[in-house]
Amino acid sequence: MSNPKIRVSAGFMLAHPAHWVAQGFGSGLSPIMPGTSGTLLGWLSFAVLSARWPALFTPVNWLIIIAAGFLLGIWACGKTGRDLGAPDHGSMVWDEIIAMWLVLVFITPASPAMQFWAFICFRFFDMVKPPPIAWFDRRYKGGFGVMWDDIVAAFYTLLLLALILAPAGR
């Protein structure tokens, strides 16, 4: 449960760098489906950065960024969750951003349609939390727990896409 004394707002987000990161630079403040907003920011930022600076944002560099972002997220989401009084507050969307980047780096190059289906699949697994995602979500708390269940949802997304595309020979 969220701390009723703390109102999620731009002021809260800007009060500490961890809040700014955990809340996805403001995308987590969306009043409607903040997790989807964070995932959309992940998709958009991946597409823009990869297109604008392809020599810098290579798949290997993306994997380094994702690993560093995962570690940053453990700290940022842990701190923000403690400050909000909720270990996995809905406004924390850094986990969705990192997980979406992970999905996209493994399906690149992919058409916009394939990226869209990857987005839909990831949101499905992140929201429904089929086993063992729900188990991880219940078992691991704090920053690691917030980050890890989305990495598992990303793995499920990649597995489903591989199973769908394998028969087509793509």
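Scoring rules and cut-offs
Residues numbered from 1 in each chain as written. Predicted model: local features only at pLDDT ≥ 70, side-chain atom pairs only at ≥ 80, totals over all residues. Heavy atoms only, no water. Helix = DSSP H or I, 4+ residues; strand = E, 2+ residues; numbered from the N terminus. Rg over C-alpha atoms; globule rule 2.2 N^0.38 Å. Buried < 20%, exposed > 50% of the residue type's maximum accessible area, 1.4 Å probe, protein only. Areas by Shrake-Rupley, 256 points an atom, 1.4 Å probe, with all protein chains shown as cover. Lys, Arg positive; Asp, Glu negative; His and termini not counted. Charge placed at Lys NZ, Arg CZ, Asp CG, Glu CD. Salt bridge = Lys/Arg side-chain N within 4 Å of Asp/Glu carboxyl O.

Draft legend 1. Seen up close, the overall build of the chain. A count of helical and extended segments in the chain gives eight helices and zero strands. Starting at the N terminus, the α and β elements of the chain follow one another as α-α-α-α-α-α-α-α. For 170 residues, the compact-globule estimate of 2.2 N^0.38 gives 15 Å, and the chain sits close to it at 16 Å. With the C-alpha coordinates aligned to their principal axes, the bounding extent of the chain is approximately 55 × 35 × 25 Å. Of all 170 residues assigned to the chain, the portion counted as buried reaches 46%. Just so you have it, the chain exposes about 8,800 Å², and 74% of that area is on carbon and sulfur atoms. Side-chain charges in the chain split into 11 positive and 8 negative, and the spacing between the mean points of these groups amounts to 2 Å.

Draft legend 2. The pattern of salt bridges, seen in detail. Counted by the stated rule, this structure contains five salt bridges. Glu96 is the partner of Arg123 in a salt bridge, and the nearest nitrogen-oxygen pair spans 4.0 Å. Of this pair, Arg123 sits in helix α6 (residues 112-128) while Glu96 sits in helix α5 (residues 94-107), and the two are 27 residues apart along the sequence. No difference in accessibility class separates Arg123 from Glu96, as the two residues are buried. A single network of salt bridges, built from pairs that share partners, joins Glu96, Arg123, Asp126, Lys129 and Asp149.

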